Amino acid sequence: MPAPQLSDRRRVAALREMGLLTDTPEEAYDRFTRLAAQICEAPIALFTVITEDEQFFRSQVGLPEPLATTRRTPLSHSFCQYVILSSAPLEVEDARVHPVVKGNPAIEELQAIAYLGVPLITRRGETLGSLCAVDHEPREWTDRDRSVLRDLAAATVTEIELRRTTREAVDLASRLEAALRGGKEPPA
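Residues numbered from 1 in each chain as written. Predicted model: local features only at pLDDT ≥ 70, side-chain atom pairs only at ≥ 80, totals over all residues. Heavy atoms only, no water.

1. A few points about empty space enclosed by the protein
The following threshold applies: Every definition here rests on a 1 Å grid over the protein atoms only: cavities are sets of points where a 1.4 Å probe fits but cannot get out, pockets are open sets enclosed by protein on both sides within 12 Å along at least five of seven lines, and lining residues have some atom within 4 Å of a point. Grid points are joined across faces, edges and corners, and a volume is the space filled by probe spheres set on the points. By definition, any uninterrupted DSSP run of H or I lasting at least four residues is a helix, any uninterrupted run of E lasting at least two residues is a strand, and each is numbered from the N terminus. Amino acid classes used here: Ala, Val, Leu, Ile, Met, Phe, Trp, Tyr, Cys and Pro are nonpolar; Asp, Glu, Lys and Arg are charged; the rest, including Gly, are polar.
According to the stated counting rule, one finds 1 cavity of 30 Å³ or more in the structure shown. Here the largest cavity is characterised by a volume of approximately 140 Å³. Considering the residues around the largest cavity, the lining is formed by 15 residues, among which L46, H77, L110, A112 and V134 are closest to the centre. Among the secondary structure elements, those contributing two or more residues to the lining of the largest cavity are β1 (44-50), β2 (54-61) and α6 (105-110). Across the lining of the largest cavity, the residue classes tally to 11 nonpolar, 4 polar and no charged.

2. Some remarks on the sheet that holds β1
The cut-off we apply is this: Only when DSSP finds a minimum of two bridges between them are two strands counted as paired. In this analysis an axis means a line fitted to C-alpha atoms, helices contributing only their contacting stretch, and an angle means the value between N-to-C directions, from 0 to 180 degrees. Residues count as neighbours in contact if any of their non-hydrogen atoms are within 4.5 Å of one another.
Strands sit in the order β3-β2-β1-β6-β5-β4 across an open sheet of 6 strands; the sheet is antiparallel. Two strands in the sheet have a free side with no partner beyond their single neighbour: β3 (72-74) and β4 (90-92). Across the sheet, the mean angle separating the axes of adjacent strands is 25 degrees when strand polarity is ignored. When strand β5 (residues 114-121) meets strand β6 (residues 127-135), the two strands line up antiparallel, connected through 8 bridges. For Y115, the partnering residue across the bridge sits in β6 and is V134. Its contacts with the sheet put helix α2 (residues 9-17) on β1 and β6, and the angle it makes with β6 is roughly 75 degrees. The strands touched by helix α3 (residues 27-40) are β1, β2 and β6; relative to β2, the strand with the most contacts, the crossing angle is about 70 degrees.

3. Some words on the environment of G62
Formally: Think of it in three bands: with a 1.4 Å probe and only protein chains considered, a residue is buried below 20% of the maximum accessible area for its type, exposed above 50%, and partly exposed in between.
Its location among the elements puts G62 in the loop between β2 and α4 (67-70). For G62, a relative accessible area of 45% corresponds to the partly exposed category. Here the alpha-carbon distance between G62 and V134, two residues 72 residues apart in the chain, equals 9.3 Å. Ignoring any residue separated from it by four or fewer positions in sequence, one finds G62 in contact with P43 and I44.

4. Let's talk about unusual backbone geometry
P66 follows E65 through a cis peptide bond whose omega is 5 degrees. Tracing the sequence through the fold places P66 in the loop between β2 and α4. Of note in the backbone geometry, R71 takes a positive phi value of approximately 60 degrees without being a glycine. Tracing the backbone shows R71 in the loop between α4 and β3. With relative accessibility at 5%, the residue R71 sits in the buried group. Despite not being glycine, S87 shows a phi value in the positive range, around 55 degrees. Of note, S87 is situated in the loop between α5 (80-86) and β4. Take S87: its relative accessible area is 33%, and that puts it in the partly exposed class.

If you want it as structure tokens, here you go:
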């Protein structure tokens, strides 16, 4: 049974509204994950969103096939769900002994040993997902790693917010145009 925050209808509706529950790659998001992987010197970087039962990789660098193509896992494989649940960063030096994630199938199946994830929180307070770096070896994450992921997470949220604002403006313009053609006041 998923935690209530993961299955919150408003949060999942916001993910749908913003077009984040798709497996279609987008260069704008891929740019952030590539930078995260390069700067943090991590073999894997992900921009994930979570629904009540799945983890979607909205963008990914370094995942093996078939995950690189399917771009999703069940929640059982998710470290990012804990970032979303807490709306706070999660830092794991060695997942095999970490009290929150030890026993997660991603440790064995994906060699997800070290993890650093930062929440993606909108200006409306919606925790949509996580931007994270993953390593196959235990590691101590540096202040630079933390700072880079925070900045890239903020840039990712800015991209998401710009897309939302653009969609809202286009919708409003369409409603205004329809109202003007019909001689009616536009709906609020």
